[in-house]
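Results of the structural survey
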Amino acid sequence: LEFTREELKSRKKDEISQIISSKVKFSPKNVDQKELVRSINENELTICSGIAGSGKSFIALASAINLLIDPNYL
């Protein structure tokens, strides 16, 4: 299948809209992730570090998407 540039743009916009219109459900897998979620919820700014694959980006993005959908999420 080949798509025109406009068709690809339209599909990407649809995918983004679908992601943004639904909350991301997640639960922390360990104590460190629970602490990250707590910090995001309680602070205006949170800086974190950890090994690759520890969930830093996923938790941050899921929290951001949920806040875009519902500003009272926290």
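Residues numbered from 1 in each chain as written. Predicted model: local features only at pLDDT ≥ 70, side-chain atom pairs only at ≥ 80, totals over all residues. Heavy atoms only, no water.

In terms of helices and strands, the protein carries three helices and zero strands. The order of α-helices and β-strands along the protein, N terminus first, is α-α-α. With respect to the principal axes defined by its C-alpha atoms, the protein has extents near 45 × 30 × 20 Å. Looking at the protein residue by residue over its 74 residues, the buried ones come to 15%. (Helix = DSSP H or I, 4+ residues; strand = E, 2+ residues; numbered from the N terminus. Buried < 20%, exposed > 50% of the residue type's maximum accessible area, 1.4 Å probe, protein only.)

Under the counting rule described, the total for this entry stands at one aromatic pair. Ring geometry for Phe 26 and Phe 58: centres 6.0 Å apart, planes at 85 degrees, overall edge-to-face. Of this pair, Phe 26 sits in the loop between α1 (5-20) and α2 (31-42) while Phe 58 is found in helix α3 (residues 56-69), placing the two residues 32 residues apart along the sequence. (Phe/Tyr/Trp six-rings, centres within 6.5 Å; stacked < 30°, edge-to-face > 60°.)

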